[in-house]
Amino acid sequence: MTQKPVLYLGDTSLETAARYLAGLLTLSDLGFDYVPSDENLNGQQLTGRKLFVLSDYPAARMSERKQLEIVRQVELGAGLLMIGGWESFWGQDGKWGGTPIGSILPVHIAKHDDRMNCDQPALVRCVAEHPICGTLPWDSRPPMIGGFNRLTAKDDATVVLEVERFAAQNKNDSMKFASLDRHPLLVVGALGRGRTAALATDLAPHWVGGLVDWGTGPRVITHTPETIEVGEYYAQFVQNLVNWTAAIKIASTPTSSSMATAPR
């Protein structure tokens, strides 16, 4: 049997948060095996993968032996992508700092709660030319997120996206915005022949915020494995992120026989 190229771990279940990334993997015709957040990584084959995705998947669910095998697969050419959340990086219960997988990510992971929940505007900025950014309108229409893990980029890594937080205040019936700080949001790197990426925010609610609706044209809808409806720029960004990390040629637009569109 042909090995599926992606092993996707976390985001609760395919019926809930995981349906966003799973739907876009299906849209890209990327086969995947899935492990829910509350299950240990046991019987899934690790060799022959193009990409390992961990999102809201606690380090305690994976043995050191399994982690070391994933590290070896990345050295041989597989991609590793960690997506932010309460059980990613350190988070509330991710605790990936100091682990074999945590050590090969392109970021330093704090050994304390690194969650930042944003109740005021947090806008995404593209700060480096990179295939993941593509031609998306980062400057003319920057998307907004709802939270992220606070990370520090390693010296040999590339910061592709940052998040800038603002304090908003209504003064004399006019909304005023003041920049508070900026943090790495997407950092990329390499290990051996493989690529690594750390996205500090989530791709599913609630941390994804307005990013999930980013777009101005028809909505992208998939019905596999569960129905999602997202903005076309969000769909393209996620596909770019997955394809680059897996060293798959990036398509110019999200296309699949399973895609449907609806007006905004």
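Here's what I pulled together on the structure shown here. Worth saying up front: this structure is predicted, and the values here are computed from it rather than measured.

What counts, and at which threshold
Residues numbered from 1 in each chain as written. Predicted model: local features only at pLDDT ≥ 70, side-chain atom pairs only at ≥ 80, totals over all residues. Heavy atoms only, no water. Helix = DSSP H or I, 4+ residues; strand = E, 2+ residues; numbered from the N terminus. Areas by Shrake-Rupley, 256 points an atom, 1.4 Å probe, with all protein chains shown as cover. Disulfide = S-S within 2.5 Å. Buried < 20%, exposed > 50% of the residue type's maximum accessible area, 1.4 Å probe, protein only.

### A few points about the overall build of the protein
Piece 1. Secondary structure assignment for the protein yields 4 helices and 15 strands.
Piece 2. Taken along the three principal axes of its C-alpha coordinates, the protein extends 65 × 45 × 35 Å.
Piece 3. For the protein, the computed accessible surface area is about 11700 Å², with 49% contributed by carbon and sulfur atoms.

### Examining the state of the cysteines
Piece 1. Within the structure shown, the criterion is met by 0 disulfides.
Piece 2. Between C118, a free cysteine, and C126, which holds the nearest cysteine sulfur, the sulfur-to-sulfur gap is 19 Å.

### Notes on unusual backbone geometry
The bulk of non-glycine residues show a negative phi, and the bulk of peptide bonds are trans.
Piece 1. Cis geometry marks the peptide bond from P205 to H206; its omega dihedral reads 15°.
Piece 2. Within the element layout of this structure, H206 appears in the loop between β12 (194–199) and β13 (219–222).
Piece 3. Cis geometry marks the peptide bond from T224 to P225; its omega dihedral reads 0°.
Piece 4. Of note in the backbone geometry, K95 takes a positive phi value of approximately 55° without being a glycine.
Piece 5. Topologically, K95 is positioned in the loop between β4 (79–83) and α3 (100–104).
Piece 6. Assessed through its relative accessible area of 41%, K95 is described here as partly exposed.
Piece 7. With a phi angle near 55°, N172 is a residue other than glycine that sits in the positive phi range.

From the geometry alone we can't say anything about function, so treat these as descriptive.
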